[in-house]
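Each chain, written out:
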Amino acid sequence: MKSSSQLLSIIALTLGLVSAAVFGSNAKAAKTMTVNYVSTSGQTLRAPITYTRISNGINAFGTTYTYTTSGYPATKSGYVKTIKGYLPHKIQQNYTYASMPSSLTVKYIKESTLARKVDTQYMKQINAYRLTKGLKAFKHRSSLKAKTVVRSKELWTKLSHVRPNGQSYNASGSGYAECMAVLPTYFTPYGITTYNSGQGAILVYNSNGYVSYKKTAQTASHELLTCDAEHRDTELNNWATYSEVAFSFHADGSTKMAQLFELAGAKE
């Protein structure tokens, strides 16, 4: 009996070792991916993050989204992070366990840089369209630009032609007119997307993944030229000499846009 018991113990131990060897050969080794966060100018924006996976991969923008109390959706964590003052310069891909690189770099563009580039493209498009209608191109005016930048930022507090202080944007009767657009966006597993909210635009990324200043501006100019007669007539007016636009971006990709128009000789 004793020898039989010893024999059974040896057989059981042997089977256990064989089983461990078989199943151990199928087990995946842990893989790590270190993500670096830098600006398009090469500035480090936050400390690198290292992700470890033993089977599943990792998504760029998370897996699901939910609506917050403010009405704007928020996503579960992905390796692309929201960084104050910056936006992803390129849409990043999702990685399976097999495709995970050991390291990668996510580049971000400064919000103010993106806004300035989209501003320029927008006014080019509006002026080009005005010329097709026999209208003069709007002239630039630095003092009006400064006012427009202020208005684009005020729209985050109050989306209205009435300013946060309770006054009209044209309270002094200085000959201004105003158009506004909003670009509500959020990160999803597929990149940055939008939901409909009336006069709006879309943050567009090219087929190569990089943000397109021209196409983003085009969605805004097309929206304001086609959404209704009042907005279109304001864009195609023959009374204003100057016009400036300002886009104000936030880190989640959402935007407020203000455009002011001014009469020649208007009182500053």
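Before any of the text, the structure's been laid out above.
Treat the numbers as computed from the prediction; the structure is a model and nothing was measured.

A closer look at the sheet that holds strand β11 (residues 255-263)
Ordered by their spatial adjacency, three strands build an open sheet running β7-β11-β10, and the pairing between neighbours is antiparallel. In the strand order of this sheet, the two ends are held by β7 (176-183) and β10 (240-249), each with one partner. The average undirected angle you get between the axes of adjacent strands in this sheet is 15°. Taken strand by strand, helix α2 (residues 111-132) contacts β10 and β11, and its axis lies near 145° from that of β10. Together, β7, β10 and β11 form the strand contacts of helix α3 (residues 142-154), whose direction differs from that of β10 by roughly 40°.

Observations regarding α2
Relative to the 32 Å expected for 22 residues at 1.5 Å per residue, α2 spans 32 Å between its end C-alpha atoms, a close match to the ideal helical length. For α2, the complete set of buried residues consists of Glu111, Thr113, Leu114, Ala115, Val118, Asp119, Tyr122, Met123, Gln125, Ile126, Asn127 and Arg130.

Considerations on the pairing of β7
Burial analysis of β7 places eight of its eight residues in the buried class, which makes it a mostly covered element. Of the two faces of β7, the one lined by Tyr176, Glu178, Met180 and Val182 and the one lined by Ala177, Cys179, Ala181 and Leu183 are each fully buried. Here β7 runs beside β11; their pairing, made up of eight bridges, is antiparallel. Its bridge partner lying in β11, Tyr176 is registered against Glu262.

Remarks on the environment of Asn165
Tracing the backbone through its elements, the reader meets Asn165 in the loop between α3 and β7. For the pair Asn165 and Glu154, spaced eleven residues apart in sequence, the C-alpha separation works out to 9.7 Å. Of note is the side chain of Asn165, whose polar atom sits 2.9 Å from the backbone nitrogen of Gln167.

Focus: the environment of Ala177
With respect to the secondary-structure elements, Ala177 resides in strand β7. Residue Ala177 is classed as buried on the basis of its relative accessible area of 12%. Residues in contact with Ala177, not counting those within four places in the same chain, are Tyr169, Thr234, Trp239, Gln259, Leu260 and Phe261.

Digging into the sheet that holds strand β6 (residues 103-110)
Judged by pairing direction, the sheet is mixed, and its four strands sit side by side in the order β2-β1-β6-β5 without closing on themselves. Only two strands of the sheet have a single neighbouring strand rather than two, namely β2 (44-53) and β5 (86-88). With strand direction ignored, the average angle separating the axes of adjacent strands in the sheet is 30°.

Quick look at the side chain of Lys81
One can find Lys81 in the loop between β4 (73-75) and β5. Look at Lys81 and you get buried, because its relative accessible area is 15%. Excluding its chain neighbours within four sequence positions, the residues that come into contact with Lys81 are Tyr37, Arg46, Ile49, Tyr51 and Tyr108.

Some words on the nonpolar core
Judged by nonpolar contacts, the single largest core of 28 residues is most densely connected at Leu114, Tyr122, Leu203, Phe247, Phe249 and Met257. Put simply, the parts of the chain that give this core at least two residues each are α2, β7, α4 (213-226), β10 and β11. With sequence-adjacent residues up to four places away left out, Phe247 is seen in contact with Ala115, Val118, Asp119, Tyr122, Ala220, Thr255, Lys256 and Met257.

Rules used throughout
- Residue indices follow the written sequence of each chain, beginning from 1 at its first position.
- Where totals are concerned, whole chains, interfaces and linings use all residues; where local detail is concerned, this predicted model gives features only for residues with pLDDT of at least 70, and gives and counts side-chain atom pairs only at 80 or more.
- Heavy atoms throughout the structure, all of them, feed into the side-chain values; hydrogens and water do not.
- Pairing between strands requires that DSSP locate at least two bridges from one strand to the other.
- Under the scheme used here, helices are H or I runs from DSSP no shorter than 4 residues and strands are E runs no shorter than 2 residues, and both carry numbers assigned from the N terminus.
- Angles shown run from 0 to 180 degrees and are taken between the N-to-C directions of axes, each axis being a line fitted to C-alpha atoms and, for helices, limited to the stretch in contact.
- Whether two residues are in contact is decided by their heavy atoms, any of which lying within 4.5 Å being enough.
- To estimate how far a helix should reach, multiply one less than its number of residues by 1.5 Å.
- Each residue's exposure class comes from its accessible area (1.4 Å probe, protein chains only) as a fraction of the maximum for that residue type: buried when under 20%, exposed when over 50%, partly exposed otherwise.
- Here a polar contact is taken to be a pair of N or O atoms separated by no more than 3.5 Å, where protein atoms must pair a possible hydrogen donor with a possible acceptor and residues adjacent in sequence count only if both atoms sit in side chains.
- Take the buried residues of types Ala, Val, Leu, Ile, Met, Phe, Trp, Tyr and Cys, join any two whose side-chain atoms come within 4.5 Å, and each joined set is a nonpolar core.

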